[in-house]
Amino acid sequence: MFKTHAQERAMQRYNKELTDTDLESIKKAIRNNQHTFLYNAKDDDTKKFCYLKYNHIPYKILYKISKKKCRIITIYPLDVDEYNNIEDEKKQKKIQSAINLLEQNGYKVTRE
């Protein structure tokens, strides 16, 4: 039997058994902003959705943070299209930042 709803959903939706230690590591990563924020929950703006890669697996997580405490509420199924779009946006921002840096340092950048 699972200790938490999140652990049960991780097994059900990702076929991964998350331990208490895993959940603590996930909470720590969220507190340290190592996640990709998606949006607030509709019913409660203190609950937030994010993607977080943990052990090379992207999890969609609903969590709640208050002060320095983080609670994992549940783990949702991965929305592949949503995740890929977010990853593409992150890559484009990195590319644009690199281009801006080159241009600031006098390099001419041609775009195709």
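Preceding block: the structure.
Residues numbered from 1 in each chain as written. Predicted model: local features only at pLDDT ≥ 70, side-chain atom pairs only at ≥ 80, totals over all residues. Heavy atoms only, no water.

### Considering the overall build of the chain
As a reminder, the rule being used: Put simply, DSSP marks the helices as runs of H or I at least four residues long and the strands as runs of E at least two long, and each gets a number from the N terminus on. Atoms counted for the radius of gyration: C-alpha only. Globule rule: 2.2 Å times residue count to the power 0.38. Three exposure classes are used, based on accessible area relative to the maximum for each residue type with a 1.4 Å probe and protein chains only: buried under 20%, partly exposed in between, and exposed over 50%.
A tally of regular secondary structure across the chain gives three helices and four strands. Written out in order from the N terminus, the α and β elements of the chain read α-α-β-β-β-β-α. Against the 2.2 N^0.38 benchmark of 13 Å for 112 residues, the chain shows a C-alpha radius of gyration of 17 Å, more extended than a compact globule. A principal-axis box enclosing the C-alpha atoms of the chain has dimensions of 60 × 30 × 30 Å. Taking all 112 residues of the chain together, the buried fraction comes to 36%.

### With respect to unusual backbone geometry
For N15, which is not glycine, the phi torsion reads 60 degrees and is therefore positive. One can find N15 in the loop between α1 (5–14) and α2 (20–31). Positive phi, close to 55 degrees, is recorded for N33, a residue that is not glycine. For N33, the location among the structural elements is in the loop between α2 and β1 (36–40). For N33, a relative accessible area of 62% translates into the label exposed.

### Looking at the side chain of H35
Using the following cut-off: N or O atoms closer than or at 3.5 Å make up a polar contact, with two conditions inside protein: a donor-capable atom paired with an acceptor-capable one, and, for residues adjacent in sequence, both atoms drawn from side chains. Contacts are assigned to residue pairs that have any heavy atoms within 4.5 Å of one another.
With respect to the element layout, H35 can be found in the loop between α2 and β1. A distance of 3.4 Å separates the side chain of H35 from the backbone oxygen of I30, its partner in a polar contact. When sequence neighbours within four positions are dropped, the list of residues in contact with H35 reads A29, I30, C50, Y51, L52 and Y63.

### So, helix α3 (residues 80–104)
Put simply, the rule is: How far a helix is expected to stretch is found by multiplying one less than its residue total by 1.5 Å.
End to end, α3 covers 36 Å across 25 residues, agreeing with the expected 36 Å (1.5 Å per residue, within 8%). Among the residues making up α3, those that are buried are E82, Y83, I86, E87 and I99. Against the buried residues of α3 lie β1, β2 (47–54) and β3 (57–66). Phi turns positive one or two residues past the end of α3, at G106, with a value near 90 degrees.

### Some points on the pairing of β2
The cut-off we apply is this: Whether two strands pair comes down to DSSP finding at least two bridges between them.
For β2, the tally of buried residues reaches six of eight residues, placing the bulk of the element in the interior. One ladder, built from four bridges, connects β1 with β2; its direction is antiparallel. Pairing of Y39 across the sheet is with F49, part of β2. Hairpin connection of β1 to β2: six residues between the antiparallel strands. With eight bridges joining them, β2 and β3 adopt antiparallel strand pairing. Considered in β3, the bridge of Y51 is made with K60.

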